[in-house]
Amino acid sequence: MSHKNIALFVAHIGCPNMCSFCNQHIISGKQETATAADVHDAVKTALDSGCRDGQLAFFGGSFTAIERSYMLELLSAAKPHIDACEITGIRISTRPDAIDEEVLQILKEYGVEAIELGAQSMDDEVLRLNRRGHSSDDVRNASHLIKSFGFELGLQMMTGLYGDSDAGAIKTAEELIKLQPDTVRIYPTVVLEGTELGDLYNQGKYKPQTLEEAVPLCATLLTMFEEAGIKVIRLGLHSGGNVEDGYVAGAYHPAFRELVEGRIYYEKALKGLSRFEGGLGHTYKIHVNPKEISKMRGQKQQNIVQLKDNNYICNVISNDTLKKYELEIEED
């Protein structure tokens, strides 16, 4: 499955309400929504840059909840590019309560391959507090229907939502795994200007998750999904747009996934090193796949520094027989 997305944003149309955390104009960096002309221009730009295996991705709003004529306008603009093998298909994001058999039949006819649902949480009280306007059962029902039509299913979840907890996020991940999606995106909550969460934060009623709190939690979630055979195609909000300008608080970092994967390696190394008697003055070699060396070292060498703080002086060694997240440790 290809995830080289040619992204177009439909802004905040199609959404029946404003979620507590949402400011799509900041997230997308755009005020205007996509047009049929934008579809053709985006595909041409991708082709000119050498991309011929991408999916055209309509993100930002709730695609299946927008005005039907507008939805068909965008799909009709994209379909000839699929027929010409210039793109592989279409990817959309939408709300769990904006899915039914009729709309799925339309999407199938126009070459949509993948549907991502903004689940965010599987706790109905957290959904209510954050004004999502749908239930956890809506997520379950839509997921089953999407899979029955043969679409690739993607699910999106958030951590650190108003009223949520680490235990709640882990429970959400467990429930999403039961739905057997093909892909998952994990977004730590970021407080943006012009949102209800921003107001709650300023009033002292909401404590956002910090980066230091989100990284180990998301390391746990990433491990859960990967052990279940589910690909996590994004961790954290993408950089760019106006996110940095609109940022108020919360767990945002432009290289968030790198931090999370580095944390996984740190925890594995610490556990492995604990089996050695060691002590002050002892040094160790940690063998990892060549592509994973920077993750084992951690951003700005922080894993090596933290291991040293625990009296483990470590050198990271390349070993191309090891797979991702595998490591071997020997005393030097």
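Whatever comes next refers back to the structure up there.
Residues numbered from 1 in each chain as written. Predicted model: local features only at pLDDT ≥ 70, side-chain atom pairs only at ≥ 80, totals over all residues. Heavy atoms only, no water.

1. Here's the deal with the sheet that holds strand E10 (residues 283–288)
Part 1: Ordered by their spatial adjacency, 3 strands build an open sheet running E11-E10-E12, and the pairing between neighbours is mixed. Among the strands making up the open sheet, the edge pair consists of strand E11 (313–318) and strand E12 (328–331). When strand polarity is set aside, the average angle formed by the axes of neighbouring strands in this sheet is 25 degrees.
Part 2: Inspection of the sheet shows E10 paired to E11 by 6 bridges, in the parallel sense. The partner of Thr283 across the bridge, within E11, is Ile313. (Pairing = 2+ DSSP bridges. Helix = DSSP H or I, 4+ residues; strand = E, 2+ residues; numbered from the N terminus. Axes fitted to C-alpha atoms, helices over the stretch in contact; angles between N-to-C directions.)

2. Quick notes on the nonpolar core
For soluble globular proteins, nonpolar side chains are generally found buried alongside one another.
Part 1: In terms of nonpolar packing, the biggest core is built from 80 residues, with Phe58, Phe63 and Ile115 touching the most fellow members.
Part 2: Broken down by element, the residue count for this core peaks at 9 residues, all from helix H9 (residues 211–227).
Part 3: When residues no more than four places from it in sequence are discounted, the contact partners of Phe58 are Leu8, Val10, Val39, Phe63, Leu74, Ile90, Arg91, Ile92 and Ser93.
Part 4: Formed by 17 residues, the second largest nonpolar core is a distinct cluster that contains Met158, Tyr187, Tyr206 and Val243. (Core = buried A, V, L, I, M, F, W, Y, C linked by side-chain atoms within 4.5 Å. Buried < 20%, exposed > 50% of the residue type's maximum accessible area, 1.4 Å probe, protein only. Contact = heavy atoms within 4.5 Å.)

3. Section: the sheet that holds strand E2 (residues 55–59)
Part 1: The 7 strands are arranged E1-E2-E3-E4-E5-E6-E8 in an open sheet whose pairing can be described as parallel. The sheet terminates laterally at strand E1 (5–9) and strand E8 (231–235), the two strands that pair on one side only. Ignoring strand direction, the axes of neighbouring strands in this sheet form an average angle of 20 degrees.
Part 2: Against the sheet, helix H3 (residues 68–83) makes contact with E2, strand E3 (89–94) and strand E4 (112–120), and its axis sits at roughly 150 degrees relative to E3, the strand it touches most.

4. Description of the packing of aromatic side chains
Part 1: Considering all chains together, one arrives at 6 aromatic pairs under this definition.
Part 2: Members of the aromatic cluster, joined through ring pairs, are Phe276, Tyr284 and Tyr312. (Phe/Tyr/Trp six-rings, centres within 6.5 Å; stacked < 30°, edge-to-face > 60°.)

5. Side note on helix H2 (residues 36–48)
Part 1: Its 13 residues give H2 an end-to-end C-alpha distance of 19 Å, which sits within 8% of 18 Å, the value for a rise of 1.5 Å per residue.
Part 2: Restricting attention to buried positions, one finds in H2 the residues Ala36, Val39, Ala42, Val43, Ala46 and Leu47. All buried residues of H2 fall inside an arc of 135 degrees around its axis, so they share one side. Opposite the packed face of H2, turned more than 90 degrees from it, sit the exposed residues Lys44, Thr45 and Asp48.
Part 3: In the core, the buried residues of H2 are packed alongside E1, E2 and H3. (Expected span 1.5 Å × (residues − 1). Arc of directions from axis to C-beta.)

6. Points about the pattern of salt bridges
Part 1: In total, this model carries 19 salt bridges according to the counting rule given.
Part 2: In this structure, Glu116 engages Arg185 in a salt bridge whose closest nitrogen and oxygen atoms are separated by 2.6 Å. Remark: Arg185 occurs in strand E6 (residues 183–188) and Glu116 occurs in strand E4; sequence separation between them is 69 residues.
Part 3: Assessed through its relative accessible area of 7%, Arg185 is described here as buried.
Part 4: Between Glu175 and Arg140 there is a salt bridge, with its nearest N and O atoms 3.2 Å apart. In this pair, Glu175 is assigned in helix H7 (residues 166–178) and Arg140 in helix H6 (residues 136–148), connecting sequence segments 35 residues apart.
Part 5: On the basis of relative accessibility, which here comes to 22%, the residue Arg140 falls in the partly exposed class.
Part 6: Beyond isolated ion pairs, a larger network of salt bridges with shared partners links Asp137, Arg140, Lys171, Glu175 and Lys178. (Salt bridge = Lys/Arg side-chain N within 4 Å of Asp/Glu carboxyl O.)

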